[in-house]
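# Structure at a glance
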Amino acid sequence: MPDIMQEPLTVFTQLPPTKPRLKHIVETFEQKYGSKPAYIARAPGRIASRIALRFAGLAKVSIIGEHIDYAGLSVMPAAIDRDVIQACLASPSKDGKSRVHISNVNDKFKPEDFDFQPGKEGPVLDSKHHSWVNYFKAGMKGALGHMSPDDSKTAIELHILVDGNVPPGGGLSSSAAMVVSSAIATLKAFGAVESTTQGQLATIAIDSERLVGVNSGGMDQSASIFSREGALLNIGFVPKLVATLVPIPTTKPAITYVIASSLVTSEKQVTAKYNYNLRVVEMRVVARILCSYLKLNIPMELPTLKHVMDAYFSSSAMHTSSEFLIERKRRLKIMLDIVEDVFGDKKDGCTWDEVYERLGGMNKDSFKQAFHADFEIEAEKLQLYKRAKHAYSEAARVYQYRSLLEQAGDNDPDLALKLGHLMDESQESCRDLFNCSCPEIDEICTIARKSGSLGSRLSGAGWGGCTVHLVLEDRQDELIQALQSEYYAKHYPKLSGEELQEAIFATKPEEGACLYDLAS
């Protein structure tokens, strides 16, 4: 299989008739600017659409592998048919100044004009000016910084029309779609898109988002860029970003996924100190204690669980894909045994005094400085055993999921059942070990399993948000109808038909970021 990190961006010269939004943005662009666009940059984003934005926050496009990316462990997301598209026309500047005219199909997002300096300086980002345009500026700035001085020195005038739900302060997946499409639009405007690999584009997008305060590990940008129709994406983060396509074999009926929002919002600013941020700290503490227990010398202040595993098995070599997967699963099993040895006596959690002792005699102040200097956490005990067991077992499920997909032949009668079983195990682990589910997600999963789902789990950070369900295509309508009548009608009876369609829908893995070159 080719190395998709080194492949160029996919370029199409015709608009597909199956995507009417592309035709609509061309027509709207011409009405607004008086000329047709020269190209359209596209980047898929999150699974949640407007209704989920309104009620459930933002969810990742995650099939399996939850809350382990920031532990450096591999995940398996996919792009679906929710995207940001940008129709663009670049022309030489008439007054020698580089300028952008940007507007949005959605009138909620006000148009802006701004000048920018070609080259690495790029546009000015004003953190006090909270505008959706900041995401475009971030992508442009990252793309310009990537180019050679000769590529980016020409003064241009750029007209942009955006179509997509990317609100001010949007979450990781939506902002990733905006930044990726903005970087593509900029690279094309300066004639540099053809010489930029997809791996380089991912690096640009990850670095660009950090300019607007999104400290992302790279999963969302990678899912947006590398995904392909009919395949999932296996992403590794340590020691470097690596993306591998894993095609879904043909089955009869076909495997599909249903996305269902719980419509429950987790107020992250309020709950982070005892939910998400606390989990991050618990994983950091686990890694530090394991380093000490295994007598590992890892030259970094905050090693991840993946760093710990790699350092412990530093002498092993892997060559073929089969060897890689077998060895990874073996290593993870051993790490789970070590977790039992180190934390198994405290399965109900460690008190703060016990944690300080295991860290070699820390106190409250030194602990904060070492593990969470920039944010607050709150807990009576740290659940080190549960978090470690979830992380390594979830990583094992990701590799098992990949193995099943790679080893199955077409029309394997047991494939969907085996994949679904892993998704159910993932949900149990998220609920019982990572404690990031909620009653509404549990209820949705129970209804779904009775109505055709072979595997149901939360997708995203949890504590609300979205769920994903593996179902054979001939039962997807039954599943959707059951959730509509037994969950949405019960809890949200006033939803309109359009809102209901946005809250629950069937999908398959879609094509990742691409460019439609209309001038060719």
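Residue positions are given per chain, counting from 1 as you read along its sequence in written order. Residues qualify for local features only when their pLDDT is at least 70, as the model is predicted, and side-chain atom pairs are given and counted only at 80 or more; totals for whole chains, interfaces and linings, by contrast, use all residues. To get the side-chain values, all heavy atoms of the structure are used, and hydrogens and water are removed first.

Labels follow the DSSP assignment, with helices taken as runs of H or I lasting at least four residues and strands as runs of E lasting at least two, numbered in each case from the N terminus. Broken down by element type, the chain carries 18 helices and 15 strands. Within these notes, the globule rule equals 2.2 Å times the number of residues to the 0.38 power, and the radius of gyration is based on C-alpha atoms. The C-alpha atoms of the chain give 23 Å as radius of gyration, which agrees with the globular expectation for 520 residues (24 Å, within 12%). C-alpha extents for the chain along the principal axes are approximately 70 × 50 × 45 Å. Each residue is assigned to one of three classes by its accessible area relative to the maximum for its type, calculated with a 1.4 Å probe on protein chains only: buried under 20%, partly exposed between the two thresholds, exposed over 50%. Within the chain, buried positions represent 57% of all 520 residues. Between two residues, a contact is recorded if the distance between any of their heavy atoms is within 4.5 Å. The long-range share in the chain, meaning contacts at least 24 apart out of those at least 6 apart in sequence, stands at 75%. Residue burial considers only the protein chains on display, and all accessible areas are found by Shrake-Rupley using a 1.4 Å probe. For the chain, the accessible surface area stands at approximately 22,000 Å², while carbon and sulfur atoms represent 50% of it. His is not counted, nor are the chain ends, whereas Lys and Arg count as positive and Asp and Glu as negative. We put the charge of a Lys on NZ, of an Arg on CZ, of an Asp on CG and of a Glu on CD. Of the side-chain charges in the chain, 58 are positive and 66 negative, and the distance between the mean point of each set is 2 Å.

Pairing between the strands of a sheet is mediated by backbone hydrogen bonds and can be parallel or antiparallel. In this analysis, strands are considered paired if DSSP registers two or more bridges between them. If you trace the 4 strands from one edge of the open sheet to the other, you get S12-S13-S11-S14, paired in antiparallel fashion. With partners counted over all chains shown, the strands left at the sheet margins are strand S12 (455-459) and strand S14 (504-507), one partner each. Put simply, the sheet's adjacent strands are angled 25° from each other on average, direction ignored. Looking at chain direction, S12 and strand S13 (residues 466-472) are connected through 5 bridges and run antiparallel. The residue of S13 that forms the bridge with Ser-459 is Cys-466. Running at roughly 15° to strand S11 (residues 255-261), helix H17 (residues 476-491) makes contact with S11, S13 and S14 of the sheet. Inter-axis angles, ranging from 0 to 180 degrees, are taken between N-to-C directions of lines fitted to C-alpha atoms, where helices are fitted over the stretch in contact.

Ordered in space as S1-S15-S2-S5-S8-S6-S7, the 7 strands form an open sheet in which the pairing is mixed. The outermost strands of the open sheet, each flanked by one partner alone, are strand S1 (10-12) and strand S7 (112-116). Ignoring strand direction, the axes of neighbouring strands in this sheet form an average angle of 20°. The sheet contact formed by S1 and strand S15 (residues 514-517) spans 3 bridges and is parallel. Paired with Val-11 across the bridge in S15 is Leu-515.

Generally speaking, nonpolar side chains in soluble globular proteins are found buried as a group. With 131 residues, the main nonpolar core has Phe-367 and Tyr-401 as its most contacted residues. In terms of residues, this core owes the most to one element, helix H14 (residues 384-407), which gives 11 residues. Look past the residues within four positions of Phe-367 in its chain and what remains in contact with it is Val-281, Val-285, Trp-352, Val-355, Tyr-356, Leu-359, Met-362, His-372, Ile-377 and Leu-382. In this structure, Val-264, Ile-447, Leu-500 and Ile-504 belong to the second largest nonpolar core, which totals 18 residues. In this description, a nonpolar core means a group of buried Ala, Val, Leu, Ile, Met, Phe, Trp, Tyr and Cys residues linked to one another through side-chain atoms lying within 4.5 Å.

Here the focus is the pairing of S12. Side chains on a regular strand alternate between the two faces of the sheet. Burial runs high along S12: 5 of the 5 residues are buried. Turn length for the S12-S13 hairpin, with the two strands adjacent in sequence and antiparallel, is 6 residues, and the turn residue Gly-460 shows positive phi of about 115°.

Turning our eyes to something else, we now look at the packing of helix H6 (residues 198-210) against helix H7 (residues 219-226). The N-to-C vectors of H6 and H7 enclose an angle of 145°; their axes lie 9 Å apart at closest approach. For the pair H6 and H7, the crossing hand works out as right-handed. Here Gln-198, Gly-199, Leu-201, Ala-202, Ala-205, Ile-206 and Glu-209 of H6 come into contact with H7, specifically with Gln-221, Ile-225 and Phe-226. For the contact of H6 with H7, a count of residues per class yields 6 nonpolar, 3 polar and 1 charged. Put simply, a crossing is left-handed when the front helix is turned counterclockwise from the back one by less than a right angle, and right-handed when it is turned clockwise. All amino acids are sorted into three groups, where Ala, Val, Leu, Ile, Met, Phe, Trp, Tyr, Cys and Pro are nonpolar, Asp, Glu, Lys and Arg are charged, and the leftover types, Gly among them, are polar.

Here the focus is the side chain of Ser-429. Relative to the helices and strands, Ser-429 resides in helix H15 (residues 415-432). Judged by relative accessible area, Ser-429 falls into the buried class, the value being 5%. Here a polar contact means two N or O atoms within 3.5 Å. Within protein one must be a hydrogen donor candidate and the other an acceptor candidate, and residues neighboring in sequence count only if both atoms are side-chain atoms. A distance of 2.6 Å separates a polar atom in the side chain of Ser-429 from a polar atom in the side chain of His-390. Leave out the neighbours within four places in its chain, and Ser-429 touches His-390, Ser-393, Arg-397 and Phe-434.

Across 6 bridges, strand S9 (residues 231-236) lies against strand S10 (residues 242-247) in antiparallel orientation. Within S10, the residue paired with Asn-234 across the bridge is Thr-244. Turn length for the S9-S10 hairpin, with the two strands adjacent in sequence and antiparallel, is 5 residues.

Here the focus is the pattern of salt bridges. Salt bridge criterion: a side-chain nitrogen from Lys or Arg within 4 Å of a carboxyl oxygen from Asp or Glu. Tallied over the full model, the rule gives 30 salt bridges. Between Arg-99 and Asp-115 there is a salt bridge, with the nearest N and O atoms lying 2.8 Å from each other. On the criterion of sequence distance, the pair formed by Arg-99 in strand S6 (residues 98-104) and Asp-115 in strand S7 is long-range, its members being 16 residues apart. Residue class for Arg-99 comes out buried when judged on its relative accessible area of 17%. If you follow the salt bridges from partner to partner, you end up with Arg-21, Arg-42, Asp-83 and Asp-163 in one network.

Peptide bonds are, in most cases, trans, and in most cases residues other than glycine have a negative phi. Looking along the chain, the bond that leaves Val-238 and enters Pro-239 is cis, with omega of 10°. Position of Pro-239 relative to the elements: it lies in the loop between S9 and S10. The omega torsion of the bond from Lys-252 to Pro-253 falls at -5°, within 30 degrees of zero and hence cis. Along the chain, Pro-253 turns up in the loop between S10 and S11. With a phi close to 50°, Asn-435 is a non-glycine residue in the positive phi region.

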